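Fold and geometry: a report
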Amino acid sequence: MKARIILTVLGSDRRGLTRELAEAVHAAGGNWLESHLARLGGKYVGSVLVEVDAANLPLLSEEVLGIDASGLQVAMVPAGSDPADTGKVLVIELVGQDRPGIVREVTKVLEAVGANIDGFESDAVPGAQTGELLFKARIELTIPASATPSEVQDALEAISGEIMVDFSFD
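About the cut-offs
Residues numbered from 1 in each chain as written. Predicted model: local features only at pLDDT ≥ 70, side-chain atom pairs only at ≥ 80, totals over all residues. Heavy atoms only, no water. Helix = DSSP H or I, 4+ residues; strand = E, 2+ residues; numbered from the N terminus. Buried < 20%, exposed > 50% of the residue type's maximum accessible area, 1.4 Å probe, protein only. Pairing = 2+ DSSP bridges. Axes fitted to C-alpha atoms, helices over the stretch in contact; angles between N-to-C directions. Contact = heavy atoms within 4.5 Å. Salt bridge = Lys/Arg side-chain N within 4 Å of Asp/Glu carboxyl O. Polar contact = N/O pair within 3.5 Å; in protein donor to acceptor, adjacent residues only side chain to side chain.

For the rest of this paragraph, the subject is the overall build of the protein. A count of helices and strands for the protein gives 4 helices and 8 strands. When the helices and strands of the protein are placed in sequence order, the string is β-α-β-β-α-β-β-α-β-β-α-β. Principal-axis analysis of the C-alpha atoms gives the protein an extent of 55 × 40 × 20 Å. Per-residue burial for the protein yields a buried fraction of 30% across its 170 residues.

Below, the structure written as structure tokens:
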């Protein structure tokens, strides 16, 4: 019987961390299915979805503890089941002058239209002309079958002037 496990990782960034994590999964006979790993605030952070024989869970735990001893905190959490795919997938990109509250306002609108955020990546980068910070985000979401992409677009564009961001939709 197979078990799906999420490994959450956090530690000081250094070369070799992803390799160590991959070696631990491999040593337990696991299969690396999906991951989101990044350097964030000078730290190595992320999550990895692993499939492993249930009988090998103790071995995976032992291998993970070995990484933990080298400075990378790793937690194991049983994965849930994937929800049935019942909506439309949208990708939204936004860019605007950075300021507090952008994520709160955008996510409030997305929740109101019934969207589920499947992926959210953001960054604050210096603008090319002024050097002032620009907030950029890419949001992957699923909207319910009862909603239309144009309803989502209209709802977000209604707040674009207020929060001073531009949206593009795929």
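Note: strands within a sheet are paired through backbone hydrogen bonds, in either parallel or antiparallel orientation. What the 4 strands build is an open sheet, ordered β2-β3-β1-β4; its pairing is antiparallel. The open sheet terminates on both sides in strands that have one partner only, identified here as β2 (31-40) and β4 (72-78). Strand-to-strand twist across the sheet, computed as the mean angle between neighbouring axes with direction ignored, equals 15 degrees. Pairing of β2 with strand β3 (residues 43-53) involves 9 bridges; the strand directions are antiparallel. Looking at β3, one finds that N31 is bridged to E51. Here helix α1 (residues 17-27) sits on the sheet and contacts β1 (2-12), β2, β3 and β4; the angle it forms with β2, its principal contact strand, is near 160 degrees.

Taken as a whole and judged by the stated rule, the model has 8 salt bridges. Notably, a salt bridge pairs R39 with D13, separated by 3.3 Å at the nearest N-O pair. Here R39 is found in strand β2, whereas its partner D13 is found in the loop between β1 and α1, with 26 residues between them in sequence. Looking at R39, the relative accessible area reads 63%, which means it is exposed. Taken together, the shared-partner salt bridges in this structure form one network comprising E93, R138 and E140.

The next thing to look at is the side chain of T142. Its location among the elements puts T142 in strand β7 (residues 133-144). Polar contacts involving the side chain of T142 include one to the side chain of D118, which spans 2.5 Å. Leave out the neighbours within four places in its chain, and T142 touches G87, K88, V89, G114, A115, N116 and D118.

Turning our eyes to something else, we now look at the pairing of strand β6 (residues 116-126). Both β6 and β7 contribute to a ladder of 10 bridges, which runs antiparallel. Residue N116 lies in a different strand from β7, and its bridge partner there is T142. Here β6 folds back onto β7 in antiparallel fashion, the turn holding 6 residues, of which G131 has a positive phi close to 80 degrees.

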